[in-house]
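Summary of structural features
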Amino acid sequence: MAALLYSLLSLLKRPEKKIRNNKYNLPNPKVPNLEIENKFVHDKAIFIIGDVHGCYDELCELMDLARSAEPNKEILFMFVGDIVNKGPKSCEVLTLIRSLGDRAFSVRGNHEEAVLREILKSDLNQEYVLPHKYQWAMHLSMEDKAFLLELPYTIYVPSLNFIVVHAGIIPGVSLVEQNFEDLVSMRYITFEDNKYKPSSFSLQGSSPWALFWAGPEHVYFGHHAALGLQLLDFATGLDTGCLYGGELTGVFANGSRQRLCVKAKTMYRKPDD
Ligand SMILES: [Mn+2]
């Protein structure tokens, strides 16, 4: 009897949840898919900012612009990831965002993952020399590293019906079932054999992923500087290539829905770099 009961119970057991690994086998954040309740956002203006890549001066300017556009409201800043790396002042950007505490949220981008991989390598091996482009990370505190490690892959705000992600989302797949690597790396989708196949680069027959996204949530994302600002009914691509001498762009996700941008001080990197 006990054996029968046991086998019935095991039939009822839910299948093991798929383990989702990221590209570099980094430890997963405790909360990969962050959901923000209405009580944290209802009285605030939400301003979502594109890929910063260490462009600290432009970030300060854009945040000031946002504050003057909504002088009577507290602003909650959100970032689409790739806040650091490649650009001039990654440490300063990280310090600024962390100093805002719960008035700033970011998802992780492929560049946060790349620098985390380097940090973990050098923490494990004292002999390891960080490649030149990651040497800024030598000066990060334990708290900075913990902050980077805990960045979620997605942020969902049900009361305002939007999602923030670095690269993109596969339509028809719930947020908790998405592949971590796709969330930080996809730019295109090919629809083949009744399936969406994501890719970082354009392939024959592929289209920018956001063209396939039909809501109902609005998705704010970055990662695609070459395409620049993408304004679709259910998706907004905010990477306007500040790093490459373009602009840093942000948009209010509620209230005025105003879009603001700041011109880059210089071309920090060549586009094919
Ligand atoms: Mn990116």
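Residues numbered from 1 in each chain as written. Predicted model: local features only at pLDDT ≥ 70, side-chain atom pairs only at ≥ 80, totals over all residues. Heavy atoms only, no water.

This part is about the overall build of the protein. When helices and strands are tallied, the protein shows 7 helices and 14 strands. Relative to a compact globule of 273 residues, whose C-alpha radius of gyration would be 19 Å, the protein shows 20 Å and is just as compact. Structurally, the protein occupies a C-alpha span of about 75 × 50 × 45 Å along its principal axes. Restricting the contact set of the protein to residue pairs at least 6 apart, pairs at least 24 apart contribute 64%. Of the accessible surface of the protein, which amounts to about 14100 Å², a share of 54% is contributed by carbon and sulfur atoms. If the 29 positive side-chain charges of the protein are averaged to one point and the 33 negative ones to another, these points end up 2 Å apart. (Helix = DSSP H or I, 4+ residues; strand = E, 2+ residues; numbered from the N terminus. Rg over C-alpha atoms; globule rule 2.2 N^0.38 Å. Contact = heavy atoms within 4.5 Å. Areas by Shrake-Rupley, 256 points an atom, 1.4 Å probe, with all protein chains shown as cover. Lys, Arg positive; Asp, Glu negative; His and termini not counted. Charge placed at Lys NZ, Arg CZ, Asp CG, Glu CD.)

As a further point, take the sheet that holds strand 7 (residues 188-192). Spatially, the 3 strands line up as an open sheet ordered 8-7-9, and their pairing is antiparallel. What marks the edges here is a single partner per strand, and that holds for strand 8 (195-199) and strand 9 (207-208). Inspection of the sheet shows strand 7 paired to strand 9 by 2 bridges, in the antiparallel sense. Residue I189 lies in a different strand from strand 9, and its bridge partner there is S207. (Pairing = 2+ DSSP bridges.)

In the structure shown here, the tally under the stated rule is 8 aromatic pairs. Between F191 and Y196, the aromatic rings sit 4.9 Å apart at their centres with planes inclined by 50 degrees, giving tilted as the arrangement. Using a relative accessible area of 44% as the deciding quantity, one classes F191 as partly exposed. Residue Y196 is classed as partly exposed on the basis of its relative accessible area, which comes to 29%. Relative to W213, the ring of W209 lies with its centre 6.3 Å away and its plane at 70 degrees, an arrangement referred to as edge-to-face. Of the residues examined, W209 reaches a relative accessible area of 1% and is grouped as buried. Using a relative accessible area of 10% as the deciding quantity, one classes W213 as buried. Ring-pair connections join several aromatic residues into one group, and the members of that group are F47, F77 and F252. Over the ring of Y153 we find R108, and its NZ or CZ is 4.9 Å from the ring centre. The ring of F201 is capped by R187, whose NZ or CZ atom sits 5.6 Å from the centre of that ring. (Phe/Tyr/Trp six-rings, centres within 6.5 Å; stacked < 30°, edge-to-face > 60°. Buried < 20%, exposed > 50% of the residue type's maximum accessible area, 1.4 Å probe, protein only. Lys NZ or Arg CZ within 6 Å of the ring centre and 35° of its normal.)

As annotated in UniProt, the feature "domain: Calcineurin-like phosphoesterase" (unreviewed entry) corresponds to residues 46-193 in the numbering used here. Taken end to end, residues 46-193 is 36% helix and 18% strand, and its first and last C-alpha atoms sit 39 Å apart. (UniProt positions renumbered as here; feature names shortened; annotations may be inferred.)

Before going further, it helps to spend a moment on the state of the cysteines. Per the stated rule, a full pass over the model turns up 0 disulfides. Note on C55: no disulfide assigned, nearest cysteine sulfur contributed by C242 at a separation of 3.9 Å. By relative accessible area, C55 is classed as buried at 0%. The thiol sulfur of C60 is not disulfide-bonded, and the nearest other cysteine sulfur, from C55, lies at 11 Å. (Disulfide = S-S within 2.5 Å.)

What follows deals with unusual backbone geometry. A cis amide bond, omega 5 degrees, links G215 with the succeeding residue P216. Structurally, P216 is set in the loop between strand 9 and strand 10 (218-221). Non-glycine residue H53 carries a positive phi angle of around 50 degrees. Residue position: H53 is located in the loop between strand 2 (44-49) and helix 3 (56-69). Of the residues examined, H53 reaches a relative accessible area of 6% and is grouped as buried. Backbone geometry places K86, a non-glycine residue, at a positive phi of 70 degrees. Residue classification places K86 among the partly exposed positions, given a relative accessible area of 25%.

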